[in-house]
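# Working through the structure, step by step
Spelled out from the first residue to the last, the chains are:
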Amino acid sequence: MEEAAAAAGAPPPGAAAAAAAGAEPSPEAAAPAPRRLLALLGAKLCTWHILKTIILGQMLSLFICGTAVTSQYLAEKYQVNTPMFQSFINYTLLLLVYTTMLAFRTGGDSLWQILKQRWWKYILLGVADVEANYMIVKAYQYTTLTSVQLLDCFGIPVLMALSWFILRARYRLIHFLGVAVCLLGVGTMVGADILAGRQDSEGSDVVIGDVLVLLGASLYAISNVSEEYIVKNLSRVEFLGMVGLFGTIVSGLQLAIVEHREITRIQWNWKVALLFTVFALCMFGLYSFMPVVIKVTSATSVNLGILTADLYSLFFGLFLFYYKFSGLYILSFVIIMVGFILYCSTPTLTAEPTALPQPNSTGLDNAALKLEEGESETPAITVQFTRGETVAVRTD
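Residues numbered from 1 in each chain as written. Predicted model: local features only at pLDDT ≥ 70, side-chain atom pairs only at ≥ 80, totals over all residues. Heavy atoms only, no water.

### Examining the overall build of the protein chain
Scanning the protein chain for helices and strands turns up 18 helices and four strands. Considering only contacts within the protein chain whose residues lie at least 6 apart along the sequence, 85% involve residues at least 24 apart. Summed over all atoms, the accessible surface of the protein chain reaches about 22,600 Å², with 67% contributed by carbon and sulfur. (Helix = DSSP H or I, 4+ residues; strand = E, 2+ residues; numbered from the N terminus. Contact = heavy atoms within 4.5 Å. Areas by Shrake-Rupley, 256 points an atom, 1.4 Å probe, with all protein chains shown as cover.)

### Quick word on the packing of helix α7 (residues 111-139) against helix α11 (residues 206-233)
Interaxial distance between α7 and α11 falls to 8 Å at its minimum, and their mutual angle equals 145 degrees. Taken as a pair, α7 and α11 cross one another with a handedness that is left-handed. Every residue of α11 that contacts α7 at Tyr-122, Leu-125, Ala-128, Asp-129, Glu-131, Ala-132, Asn-133, Met-135, Ile-136, Lys-138 and Ala-139 is listed here: Gly-209, Leu-212, Val-213, Leu-215, Gly-216, Ala-217, Leu-219, Tyr-220, Ser-223, Ser-226 and Ile-230. Across the contact of α7 with α11, the residue classes break down as 14 nonpolar, five polar and three charged. (Axes fitted to C-alpha atoms, helices over the stretch in contact; angles between N-to-C directions. Left-handed = near helix turned anticlockwise from the far one by under 90°. Nonpolar A, V, L, I, M, F, W, Y, C, P; charged D, E, K, R; others polar.)

### Structural notes on the nonpolar core
Counting residues in hydrophobic clusters, the biggest one holds 47 residues, and the most contacted among them are Leu-60, Leu-94 and Met-242. For this core, the secondary-structure elements that each account for two or more residues are α5 (48-78), α6 (83-103), α7, α9 (155-165), α11, α12 (236-258), α14 (270-296) and α15 (299-305). When near neighbours in sequence (up to four residues on either side) are disregarded, Leu-60 contacts Leu-286, Phe-289, Met-290, Val-293, Val-302 and Ile-306. Ile-50, Val-186, Leu-314 and Phe-340 belong to the second-largest nonpolar core, a separate cluster that totals 24 residues. (Core = buried A, V, L, I, M, F, W, Y, C linked by side-chain atoms within 4.5 Å. Buried < 20%, exposed > 50% of the residue type's maximum accessible area, 1.4 Å probe, protein only.)

### Some points on the side chain of Ser-163
Topologically, Ser-163 is positioned in helix α9. Once residues within four sequence positions are removed from consideration, Ser-163 is found in contact with Arg-168, Ala-169, Tyr-171, Val-225 and Thr-300.

### Re the pattern of salt bridges
A side chain of one charge can pair with a side chain of the opposite charge when the charged atoms of the two come close. Applying the stated criterion across every chain, the model contains three salt bridges. Its salt-bridge partner being Arg-118, residue Glu-238 comes within 2.8 Å of it at the nearest N-O pair. Of this pair, Glu-238 sits in helix α12 while Arg-118 sits in helix α7, and the two are 120 residues apart along the sequence. Of the two residues, Glu-238 and Arg-118, neither departs from the other in class, the shared state being buried. Among the salt bridges present, the one from Lys-232 reaches Glu-228, with a minimum N-O distance of 3.0 Å. Taken together, the residues Lys-232 and Glu-228, both in helix α11 and four residues apart, mark about one turn of the helix. (Salt bridge = Lys/Arg side-chain N within 4 Å of Asp/Glu carboxyl O.)

### Overview of a nonpolar patch on the surface
A cluster of nonpolar side chains, Trp-48, Leu-51, Ile-55 and Met-59, forms an exposed patch at the surface whose accessible area comes to about 420 Å². Along the chain, Ile-55 falls in helix α5. The partly exposed category is assigned to Ile-55, whose relative accessible area is 43%. (Patch = residues over 30% accessible without salt bridge, like charges linked within 9 Å, V, L, I, M, F, W, Y side chains within 5 Å.)

### Examining the environment of Leu-304
Note that Leu-304 resides in helix α15. Look at Leu-304 and you get buried, because its relative accessible area is 0%. Along the sequence, Leu-304 and Gly-178 sit 126 residues apart, while their C-alpha atoms lie 9.0 Å from each other. Ignoring sequence-local partners within four residues, the contact set of Leu-304 consists of Ile-156, Val-179, Cys-182, Ile-336, Phe-340 and Tyr-343.

### Remarks on the packing of α6 against α7
At a minimum axis distance of 12 Å, the contact between α6 and α7 shows a crossing angle of 160 degrees. Here α6 is positioned roughly antiparallel relative to α7, judged by the angle of their axes. The handedness of the crossing between α6 and α7 comes out as right-handed. Contacts between α6 and α7 involve Pro-83, Met-84, Ser-87, Tyr-91, Thr-99, Leu-102 and Ala-103 from the first element and Leu-111, Ile-114, Asp-129, Val-130, Asn-133, Tyr-134 and Val-137 from the second. (Parallel < 35°, antiparallel > 145°, perpendicular 65-115°, else oblique.)

### Overview of the confidence of the model for the protein chain
Mean pLDDT for the protein chain: 79, with 75% of residues reaching 70 or above. Note on residues 27-31: pLDDT under 50 across the span, and zero contacts to partners over four residues away in sequence or across chains. Scored below 50 in pLDDT, residues 361-378 makes three contacts in the model with residues more than four places away or belonging to other chains. (pLDDT = per-residue confidence, 0-100.)

### Quick notes on unusual backbone geometry
Positioned with a positive phi, Gln-79 is a non-glycine residue whose angle comes to about 50 degrees. By the secondary structure assignment, Gln-79 is in the loop between α5 and α6. The residue Arg-168 is not glycine, and still its phi comes out positive at about 60 degrees. Along the chain, Arg-168 falls in the loop between α9 and β1 (169-170). Classification of Arg-168 by relative accessible area gives partly exposed; the value is 29%.

### Digging into the side chain of Thr-53
Relative to the elements of secondary structure, Thr-53 occurs in helix α5. If near-sequence neighbours (up to four positions away) are discounted, Thr-53 is found in contact with Thr-297, Phe-340 and Cys-344.

### Re the packing of aromatic side chains
Applying the stated criterion across every chain, the model contains eight aromatic pairs. Between Tyr-91 and Tyr-287, the ring centres sit 6.0 Å apart and the planes meet at 80 degrees, which makes this aromatic pair edge-to-face. In this pair, Tyr-91 is assigned in helix α6 and Tyr-287 in helix α14, connecting sequence segments 196 residues apart. Neither Tyr-91 nor Tyr-287 differs from the other in exposure class; each is buried. In textbook terms, an aromatic cluster arises when at least three aromatic residues are bridged by ring pairs, as seen for Phe-85, Trp-268 and Phe-276. Here the basic side chain of Arg-170 rests over the ring of Trp-164, its NZ or CZ set 4.1 Å away from the ring centre. (Phe/Tyr/Trp six-rings, centres within 6.5 Å; stacked < 30°, edge-to-face > 60°. Lys NZ or Arg CZ within 6 Å of the ring centre and 35° of its normal.)

Below you can see the structure in the form of structure tokens.
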């Protein structure tokens, strides 16, 4: 019977049973599904672009950490509080290096041509950058560390909004999710500060301090969006040269007004000079390196990446200032990095500029224009020879 069935083309009973059994998914076939999901996530998240972005962002964080640690060491050990003087040194270094490079250029991107075409824009950019640095540092005298850390994050949504309208960046859901996770990490870090007892002072005027932080964060956002636009459309040297030129002028004037007495009180020695030098080199490295990172990524991703700078400062503070350690610091670092990776896992889109609609009809002006063009054109003459040696002349 089985031979007859095989000859007729029907499967034998054993084969039918095997087929029926094979219709049900086996545990071996169902097991690789989670592994495939993990492999898909790994292929999306573990890429060279994301790894490079993480490394570059943490290098910027270390530069910021260097400026924070040296400033705090100057304030606590030597009673030196001169944020504007320290910024003036950085802008002067930018002036000597990058503005000098622009001065030796010729053609359309020379220093004279840039000043002639865009001088007032760079004045505004210089004012925004100088005052952003000053306001954030000044806010520590009025409000608490918690307020500064939390309200400083206000610059990230401002930066995203400015990027949306000015740079025409378009975000996806995963970008907002990444930002939310990063802000959760900042909240964890602030909670760790409170538990570790770092809130020693409530500040002399919390409202003034909070307003200074919000204004400083907004000015930082304006400066970063301008930096991204200039770096990606013009050049890195132009941005740094112009910021160095006008930043030196603005910070020098403000220094002469608000900090001349503090400078005269500095008790100079080799340790103080070394701390000023380290601060200036870290700030100069931050300003010189940030345009490179922004050109590879974006201003928003850079600001998310440098949220870890406070954590690096805290880790150094464990040895220099004898801070209390909390496991929440490690947790907050991990949360911030997870949010940063989520944000960088998917590139943002750029909206195309809207094209102007073309007129459907010629209209009176266009018709008159065409009539004038037709009258000015020389008529074309075609000469044809036909049989019988008759000449036909036709004018188009």
